[in-house]
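Per-entry structural report
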Amino acid sequence: MWDYTDKVKDYFFNPKNAGALAEANAVGEVGAISCGDALKLMLKVVPETEIIEDARFQTFGCGSAIASSSALTELVIGKTLTEALEMTNQDIADFLGGLPPEKMHCSVMGYEALQAAIANYRGEEWHDDHEEGALLCKCFGVDEGMVERAVRMNKLTTIEQVTAFTKAGGGCLTCFDGLEACLAKVNAEMVAEGLLAEHEAYRLGGTSQAVVKQKAREMRGFVKAPEEPKPAPAAAPMISLDQIALVPPPSSAAPSASGGLTMLKKIRLVEETIEEMRPYLRQDGGDCELIDVDGNTVKVKLSGACVGCQMSSVTISGIQERLAVKIGLPFRVVPV
Amino acid sequence: MTPVYLDNNATTRVEPSVVAAMLPFFTEQFGNASSIHAFGAEVGGALKTARRELQALLGAEHDHEIVYTAGGTESDSTAIFSALESLPDRTEIITSKVEHPAILAVCDHLEKTGRARIHRIGVDKAGRLDLDAYRAALSDKVALVTFMWANNETGTIFPVEGLAEMAKAVGALFHTDAVQAVGKVPIDMKSSVIDMLSLSGHKLHGPKGIGALYVRRGTRFKPLIRGGHQERGRRAGTENAPAIVGLGKAAALALQHMEEENTRVKALRDRLEAGIQQRIPNCFVNGDKDDRLPNTCNVAFEYVEGEAILLHLNRAGIAASSGSACTSGSLEPSHVLRAMDIPFTAAHGSIRFSFSRENTDQDVDRVLDVLPGILEKLRDLSPFWAGTNETPKAFKPVYA
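Attention here is on the structure that accompanies the text. (Residues numbered from 1 in each chain as written. Chains lettered and ligands numbered in written order. Predicted model: local features only at pLDDT ≥ 70, side-chain atom pairs only at ≥ 80, totals over all residues. Heavy atoms only, no water.)

**Thoughts on the overall build of chain B**
Helices and strands together make up the secondary structure of chain B, namely twelve helices and 13 strands. For chain B, the proportion of its 400 residues judged to be buried stands at 60%. By sequence separation, contacts in chain B at least 24 residues apart represent 74% of the contacts at least 6 residues apart. (Helix = DSSP H or I, 4+ residues; strand = E, 2+ residues; numbered from the N terminus. Buried < 20%, exposed > 50% of the residue type's maximum accessible area, 1.4 Å probe, protein only. Contact = heavy atoms within 4.5 Å.)

**A short note on the overall build of chain A**
Along the backbone of chain A there are 13 helices and eight strands. Considering only contacts within chain A whose residues lie at least 6 apart along the sequence, 61% involve residues at least 24 apart. Counting every atom, chain A has about 15,500 Å² of accessible surface; 52% of that belongs to carbon and sulfur. (Areas by Shrake-Rupley, 256 points an atom, 1.4 Å probe, with all protein chains shown as cover.)

**Here we look at helix 2 (residues 63-76) of chain A**
Spanning 14 residues, helix 2 of chain A covers 20 Å between terminal C-alpha atoms, matching the ideal 20 Å at 1.5 Å per step. Most of helix 2 of chain A is tucked away, with 13 of its 14 residues classed as buried. (Expected span 1.5 Å × (residues − 1).)

**With respect to the environment of A188 of chain A**
Tracing the sequence through the fold places A188 of chain A in helix 8 (residues 176-192). Once the C-alpha coordinates of A188 of chain A and E198 of chain A are considered, the two residues, ten residues apart in sequence, prove to be 8.1 Å apart.

**A short note on the sheet that holds strand 8 (residues 332-335) of chain A**
All names here are of chain A. Taken in spatial order, the three strands line up as 6-7-8 in an open sheet, and their pairing is mixed. Edge positions in the sheet fall to strand 6 (286-294) and strand 8, since each has one partner strand and no second. Ignoring which end each strand starts from, the neighbouring axes of this sheet average 30° apart. Judged from the eight bridges that link them, strand 6 and strand 7 (residues 297-304) form a sheet pairing that is antiparallel. Paired with L290 across the two strands is V300, which belongs to strand 7. Helix 12 (residues 263-283) rests against strand 6 and strand 7 of the sheet, and its axis sits at about 170° to strand 6. (Pairing = 2+ DSSP bridges. Axes fitted to C-alpha atoms, helices over the stretch in contact; angles between N-to-C directions.)

**Observations concerning the pattern of salt bridges**
All names here are of chain B. Taken as a whole, this structure holds 30 salt bridges over all chains when the rule is applied. Of the charged contacts in the structure, one is a salt bridge between D108 and R120, with a shortest N-O distance of 2.8 Å. A residue pair is termed long-range when its members are at least 10 positions apart, and D108 in helix 5 (residues 101-112) and R120 in strand 4 (residues 117-121) qualify at twelve residues. Its relative accessible area of 25% is what places D108 among the partly exposed residues. With a relative accessible area of 28%, R120 lands in the partly exposed category. For D270, the salt bridge is made with R269, and the minimal N-O distance between the two is 2.8 Å. With relative accessibility at 3%, the residue R269 sits in the buried group. (Salt bridge = Lys/Arg side-chain N within 4 Å of Asp/Glu carboxyl O.)

**Quick word on the side chain of D63 of chain B**
When you line up the elements, D63 of chain B lands in the loop between helix 3 (38-58) and strand 2 (66-69). With near-sequence residues (within four places) excluded, D63 of chain B lies in contact with R51, R52 and Q55 of chain B.

Here it is in structure tokens:
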């Protein structure tokens, strides 16, 4: 279960200002039932003073969504619209004594609802219909504008944070490139405006996309995280696992297609693979020579620093994995 | 207030007599079963008895068909890797979209690293397997077919016997993740064609950290963990004697209570299910009502979110679980409910109650007592419910 503060629990179990507000003259609705949370914020604004006299909410969502909504109403009652517009989602989180990082999107939902309600009062169109820039995340209906605001307001610098604050990228993650571009763009603007240190900013191409994407998926429990690769000791001839992981996997049709490989072709492919790995082995003072290919068994001779090295089994399985990825057939690599 | 524990598909309480059976093997009979001296011998004898007790629960022909592991997850991994290594000319695996992550994550990894091609067979709205898709995926390239016996979230039972026969017809190995089924439904491996079966101790009132993989005699097998002769070389590592003894005792008790599980426990489940549907509008049961574990009840409540229900239940001393996104840390509802095409409106509000023989009539009363109030309260908060007394939107589930 989540580590909710006592205040979150209190505002969830005994929400203040819950229910419909009949005399509301400002209404903001955000989220959708399909996304797992939705909030309808209703405000009663005194026209002469623009003071928010009363606020109520209706929320479909988890504990922190309900608590955040209730906190929002407590925060805005008595404020003028101008004051209310200055509020950020962080104010909601702070009011509750903090939210678990994965639940920050609940506070963002509150912020968005407030903006929407005030826009509604002023007769403006609240751009929650994905017309504010492109719709980035189709799974959760998050547009570019919302991502930009969340990044700017909370100084977000990673894709993981963007997902925690906006839910964008929390589903299929096909929007990864779009999220990345948006995050990098806003971070660059923030650096130019002096709001963010340059080294903190997210830069396109700063990290291998494959690695970042994999990390984002792991964080969300989509795939199991691989063991942290240990840094290779200088003398040990070991193929770092990321060097292998970066090779794109073959299409799923590859294994069957390569079933009809001729022996000659197979040997050539094996040779090629070993050739590709040789620089990494040499770097560590080792070497590897192909002796024979017998069916799916590849016989190799390790030499140099590889001989007697405890890491040689890692090297062997590295070659094996590389062969499987490259040729699409399971090979057994045997040192002779 | 005594807590009401209705999350037995997550884990069960270890039966006190099981704990008592285990205790001597920590401090008195602590020997290594492999040792030649008296310390080892007495442990060896106890392990043999425990193995026979588990053999009886599975209806296995030979006691050496049981390979002890550290749990269901290890058993699943062992079965998958063993099949791929034993049949090197076959590089495909067939599984379903509703398996436990212990199967799905391994398959994803094998696919990603190019070591196997994975067929993930879908299910219908009641969670029943798409047999046509399965038939179409079968070929002589398939090394392993792995389907769960019973689903952990909905309790839906797959017809594993028939599925296994289809797999055998193309020469593939058949494995079933029976972690939720063992101890709840009768199993007789003697009269089955299933090659491998995974089980876990802590789902049947045994200890955590122990499980087993049944491997039919004569099945081609490669170990996952090497480095010792234990389990006839099929799973190296000093035997976890206390846990194996505990699992044996738990298996004996499960066999003894099998009938109760399918009568009294089932009646409790049915009464809860009927009571909920009587008292609470806009809810329906997930899963195959005709072919389901006797202890599992998965109900979808429309217009509310699962975590909110669980937090209220927890405050009332009732433990259950949810397929909602918010409880898991992911942002999407459970892969099982999504595969069943349960609408998002209801998937987010799905709650699983899972019983065991330790539950009582009072437990059901307690839930029926507090749950309607919780739903009412949360629905009043929900903008989609609108607080009216009428049904907000005509709700005719096609899947109920």
